[in-house]
Every structure is written in structure tokens, then in C-alpha cells.
Amino acid sequence: MTTLNDELASVAAALSRSTVQIQDRRFGGGSGVIWQADGVIITNAHVIRSDRPTVKLADNRVLDAVCTNRDRLQDLAVLKVDATDLPAAPIGDSDTLRVGQMVFAVGNPLGITNALTTGIIHTVSSKNQTGKNQTGKNQTGTWIQADIRLRSGNSGGALADTQGKVIGINTAIAGGLGLAIPSNIVERFLRRGTVKPYLGVTLQPVAIGRRYRRRLGLLILAVQADSLAESAGLLTGDVLTGVAGRGFTDISDLAEVLWQFSPGDLLQLNLIRAGKSAIAQIQIPDKSGAVAA
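Predicted model only: the values in this text are computed from it and were never measured.

1. Brief notes about the overall build of the protein
Right, on to step 1. A tally of regular secondary structure across the protein gives four helices and 18 strands.
Right, on to step 2. Within the protein, the proportion of its 293 residues that are buried is 48%.

2. Some remarks on the environment of Ile272
Right, on to step 1. In this structure, Ile272 sits in strand 17 (residues 266-273).
Right, on to step 2. Once the C-alpha coordinates of Ile272 and Val239 are considered, the two residues, 33 residues apart in sequence, prove to be 5.1 Å apart.
Right, on to step 3. Setting aside anything within four residues of it in sequence, one finds Ile272 in contact with Ile208, Gly237, Asp238, Val239 and Thr241.

3. Considerations on the pattern of salt bridges
Right, on to step 1. Summed over all chains, the structure comprises three salt bridges.
Right, on to step 2. Salt-bridge contacts for Arg70 lead to Asp51; the nearest nitrogen and oxygen are separated by 3.0 Å. Pair noted here: Arg70 is in strand 5 (residues 62-71) and Asp51 is in the loop between strand 3 (40-43) and strand 4 (54-56), with a separation of 19 residues, a long-range link.
Right, on to step 3. Note that Arg61 is salt-bridged to Asp59, the shortest N-O span being 2.9 Å.

4. Digging into the nonpolar core
Right, on to step 1. By size, the foremost hydrophobic cluster in this structure holds 24 residues, and its most contacted members are Leu15, Val33, Trp35, Ile42, Leu76, Val166 and Val186.
Right, on to step 2. Not counting residues up to four positions away in its chain, the partners in contact with Val166 are Leu15, Val33, Trp35, Ala89, Pro90, Ile91, Gly92, Ala158, Leu159, Ala160 and Ser183.
Right, on to step 3. If you look at the next biggest cluster of nonpolar residues, it comprises 21 residues, including Val201, Ile220, Leu267 and Ile282.

5. Some points on the confidence of the model for the protein
Right, on to step 1. Averaged over every residue, the pLDDT of the protein is 84; residues scoring 70 or more account for 87%.
Right, on to step 2. Below pLDDT 50 for its whole length, residues 126-141 participates in 54 contacts with residues either more than four positions away or in separate chains.
Right, on to step 3. Across residues 288-293, where pLDDT falls below 50, the model places seven contacts with residues more than four positions away in sequence or in other chains.

6. What to know about unusual backbone geometry
Right, on to step 1. Its identity as a non-glycine residue notwithstanding, Asp85 has a phi of 60°, on the positive side.
Right, on to step 2. If you trace the backbone, Asp85 turns up in the loop between strand 6 (76-81) and strand 7 (102-107).
Right, on to step 3. Here Asp85 falls in the exposed class, since its relative accessible area comes to 72%.
Right, on to step 4. Of note in this structure, Asp226 is not a glycine but carries a positive phi near 60°.
Right, on to step 5. Structurally, Asp226 is set in the loop between strand 14 (215-223) and helix 3 (228-231).
Right, on to step 6. Residue Asp226 is classed as exposed on the basis of its relative accessible area, which comes to 77%.

7. Some details on the environment of Gly237
Right, on to step 1. Turning to its location among the elements, Gly237 is positioned in the loop between helix 3 and strand 15 (239-243).
Right, on to step 2. A relative accessible area of 42% places Gly237 in the partly exposed class.

8. Overview of the sheet that holds strand 5
Right, on to step 1. Read around the barrel, six strands follow the order 1-2-3-6-5-4 and close on themselves; strand pairing throughout is antiparallel. Each strand axis lies, on average, 40° off the axis of its neighbour in the sheet, ignoring direction.
Right, on to step 2. Where strand 3 and strand 6 come together, four bridges link them in antiparallel fashion. Bridging from a neighbouring strand, Thr43 pairs with Ala77 of strand 6.
Right, on to step 3. Across the face of the sheet, helix 2 (residues 183-192) comes into contact with strand 2 (29-36), strand 3, strand 5 and strand 6 while running at roughly 60° to strand 6.

9. Topic: the environment of Gly200
Right, on to step 1. With respect to the helices and strands, Gly200 occurs in the loop between helix 2 and strand 13 (201-208).
Right, on to step 2. For Gly200 and Val223, which are 23 residues apart along the polypeptide, the C-alpha to C-alpha distance reads 6.1 Å.

10. Remarks on the pairing of strand 5
Right, on to step 1. As paired strands, strand 4 and strand 5 are joined by three bridges and run antiparallel to one another. For Lys56, the partnering residue across the bridge sits in strand 5 and is Val62.
Right, on to step 2. Linkage of strand 4 to strand 5, two consecutive antiparallel strands, is achieved through a turn of five residues, within which Asn60 is found at a positive phi near 80°.
Right, on to step 3. Looking at chain direction, strand 5 and strand 6 are connected through six bridges and run antiparallel. Along strand 6, the bridge assignment pairs Arg70 with Ala77.
Right, on to step 4. Linking two consecutive strands that pair antiparallel, namely strand 5 and strand 6, is a turn of four residues; a positive phi of about 60° is found at Asp75 within it.

Conventions used here
- Residues numbered from 1 in each chain as written.
- Predicted model: local features only at pLDDT ≥ 70, side-chain atom pairs only at ≥ 80, totals over all residues.
- Heavy atoms only, no water.
- Helix = DSSP H or I, 4+ residues; strand = E, 2+ residues; numbered from the N terminus.
- Buried < 20%, exposed > 50% of the residue type's maximum accessible area, 1.4 Å probe, protein only.
- Contact = heavy atoms within 4.5 Å.
- Salt bridge = Lys/Arg side-chain N within 4 Å of Asp/Glu carboxyl O.
- Core = buried A, V, L, I, M, F, W, Y, C linked by side-chain atoms within 4.5 Å.
- pLDDT = per-residue confidence, 0-100.
- Pairing = 2+ DSSP bridges.
- Axes fitted to C-alpha atoms, helices over the stretch in contact; angles between N-to-C directions.

Dropping the structure here:
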């Protein structure tokens, strides 16, 4: 038991060294995770209200940071500080998580520096759940749901496994349970950079299917010239029904899916054209904005 306690305490100490406290001047703050040793820090978009917050490291250094990328839809932001050899957190594979697995959360709740709580995975990669982030606003997305205690100030902090590998970024609370953005989504967000996939369509939600089995469709009202939609052969009057066989449940689902794909990935859109089911293949642009060959 002593050996186990020592190992867990060592993991907690390492996570604390990789956790930063973010202060955004007049707007409060939250937590962040040192994702790369060269000064890249990940946090929540709702934690960052200005482009130049300050970051306090575990060794008490206070550094000016620059927000290089922010996505309010996914509630993720990238900060860059002028420092090297920072204690970057090891990043785990969120796709390998299992229900019941023990996890840690590290952050700065209610002004307490590097507080740690423990819990277990409640649901793995739950989709389209709605929760309240630490500002009290509703968010919908793809989550890791953990039976763990979070408070204001935990936003942007790490959800980690017992080996100390970060498998999520804590961002919201739903029904008393913590919601975290999976680490693999964070990695895709970093690879994509500031490029925002833009399909180039005007959409209107419509009900499709039989009377007692209605589901959501997105009717294309217009297709922009020289857009991804045009290159994929999408037409006015097509009704988008889902992605890779998974149906839409909310009008924001398509935008969320676009964000989750990496540059160069192939997106398979399901649609109805002239009453018949069809599929359109769309390639996500690379970081230069071009479509990969």
C-alpha cells in the first residue's frame, strides 16, 4: 500500500508541474496544461477573454502569453509563452479509455493552486451531451464523462490516468459529473492550426423520414462557388443526413464534425438527392488552405 501511495503521489506531483494557472486580467482565469516543452499550453476557450493573458507556472514564474488559436465551438485555445524546456505533460490516447478506469483532475479551483481530485470514467466519448462550462454557459459536444469533482477554476486543467498521461481537458459539468475534451481531439485541433474547414453551403434544418420516425436533415439552399461543397458535387436541394452513417441530432453537428477532422482527412457525407440516398466525399484542406492531393 505504501508503494502504491508513493507512486500515486509521484504522478500527482508530475501533473502539478505541468499545470499552469491562467489569469486573464479583469476576467478571472482558470487552468492550462503544458502540452509541449517549447511553450505551447492548452486551455479552454472560455478561460481566455483577451489575446494576451498571463500564465503562472508551478515554479511561480509569471509569463506573458499570446493566444495563437481559439475555437469557441470546441472550447479549446492554444497559448504560447516565450520559454523552453518546460515540464510538458505526457499525452495519452483517449480512444483507449474504459468505463471504471481511475482518473485524476488537476487545476486551480476557487483560487487553490494545483488542487487534485480523483474519480472514475463514467462514460467514454459520449456524444452530443449538453453541460455547463465553468462560466455557467451551455455547451454541446463530444466528451469524456467522469465521476469526479470539478469547481470553477478547474477549466482548462488536465484529466489524467493513473500513469500521469493527460487524456482530456476538463471543461464542463453535467449533472454533477465532469466533462472533458478527449486528448485525441486536442491533438487534431493542434495539427489543424488556424485553418477552419468551410464547407460553403447555406443550410436549413428540415424533418425527414416517416411520420413517426422523423429525424433531422440539413437542406442545402445554396452552394458557394469554388467551395469544398462544389468540389464534392453537392447541389442545391440536397439534404444532408449525417456523416459516415451517423445521423445528425442537432443543427450544429455538421460544424462540430468538420472541426474534428484533420487536414487531408476524407469526410463522407450522407445525403438524400431526388428521394434517393447518396454519399459525397469531401477532403479537408491542409494547413495551407489547399485540398490535399
